[in-house]
Amino acid sequence: RFFGVTVDSLLNTDKTEREGEIRELISLYDNCGINDTPILYEEFKAAAKKFPDEYRILVRYMELIQETRIFGNSSAIIKSGEHKKLSAEICRLYDIIQKHCTDDSIRIKAKRIMISHLLWKYDCLPDENGSYHKDNTCLIQAKEIAVTLAETKDSKEIILTGIHED
């Protein structure tokens, strides 16, 4: 270290190593099965702390939190109160991505996950007395996000069907 600069940063090898680690995590995520979700959740939780400005990691971590709750034992998570912490984390990640990420595909994916989260809260969460009732606030928030998404006719899948080689 000289003047607070490492040789790795001068040679740009730290960025290469960082990108390699991020790609490895993304590959692990892309190739995982549903039974791998709890293990991946822990990996991405650590990665989100290590790479707090890497939106490719944050959006996958956000989705893993949602999947852990849905495919894990939801009733146990609710009884323990853990859902409040997980919900707050999803909201925090969503806000970070929407405010700072410039990659539209990541921002749209975060919106989809947030809508899924809000619908889960609408359908599954009891109130403080343990009674189940529908919280329309969640539905309203989900609709507000949904109307910001592109129309189907503007989706990649629709547009690509019209592009063909002769």
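See above for the structure.
1. Digging into helix H3 (residues 37-50)
Compared with the 20 Å implied by 1.5 Å per residue over 14 residues, the 19 Å span of H3 between its first and last C-alpha is a close match. The complete set of buried residues in H3 reads Thr 37, Leu 40, Tyr 41, Phe 44, Ala 47 and Ala 48. Viewed along the axis of H3, the buried residues span an arc of 135 degrees, placing them on a single side of the element. When the buried face of H3 is taken as reference, the exposed residues oriented beyond 90 degrees from it are Ile 39 and Lys 49.

2. Comments concerning the pattern of salt bridges
In total, this model carries ten salt bridges according to the counting rule given. A salt bridge links Glu 21 to Lys 50, with the shortest nitrogen-to-oxygen separation between them at 2.8 Å. Of this pair, Glu 21 sits in helix H2 (residues 13-30) while Lys 50 sits in helix H3, and the two are 29 residues apart along the sequence. A network of salt bridges, in which partner residues are shared, links Arg 18, Glu 19, Arg 23, Asp 53, Glu 54 and Arg 56.

3. Digging into the environment of Ile 108
Mapped onto the secondary structure, Ile 108 falls in helix H7 (residues 104-124). Residues Ile 108 and Ala 146 lie 38 residues apart in sequence; the distance between their C-alpha atoms is 9.8 Å.

4. Some remarks on the packing of H7 against helix H8 (residues 136-146)
Contact geometry for H7 and H8: axes closest at 8 Å, N-to-C directions at 165 degrees. The angle between H7 and H8 places the two elements in the roughly antiparallel class. At the point where H7 passes H8, the crossing takes the left-handed sense. Only Asn 136, Cys 138, Leu 139, Gln 141, Ala 142, Ile 145 and Ala 146 of H8 make contact with H7, whose side of the interface consists of Lys 111, Met 114, Ile 115, Leu 118, Leu 119, Lys 121 and Tyr 122. When grouped by side-chain class, the residues that make up the contact of H7 with H8 number ten nonpolar, two polar and two charged.

Each value, and the rule that gives it
- Residues numbered from 1 in each chain as written.
- Predicted model: local features only at pLDDT ≥ 70, side-chain atom pairs only at ≥ 80, totals over all residues.
- Heavy atoms only, no water.
- Helix = DSSP H or I, 4+ residues; strand = E, 2+ residues; numbered from the N terminus.
- Expected span 1.5 Å × (residues − 1).
- Buried < 20%, exposed > 50% of the residue type's maximum accessible area, 1.4 Å probe, protein only.
- Arc of directions from axis to C-beta.
- Salt bridge = Lys/Arg side-chain N within 4 Å of Asp/Glu carboxyl O.
- Axes fitted to C-alpha atoms, helices over the stretch in contact; angles between N-to-C directions.
- Parallel < 35°, antiparallel > 145°, perpendicular 65-115°, else oblique.
- Left-handed = near helix turned anticlockwise from the far one by under 90°.
- Contact = heavy atoms within 4.5 Å.
- Nonpolar A, V, L, I, M, F, W, Y, C, P; charged D, E, K, R; others polar.

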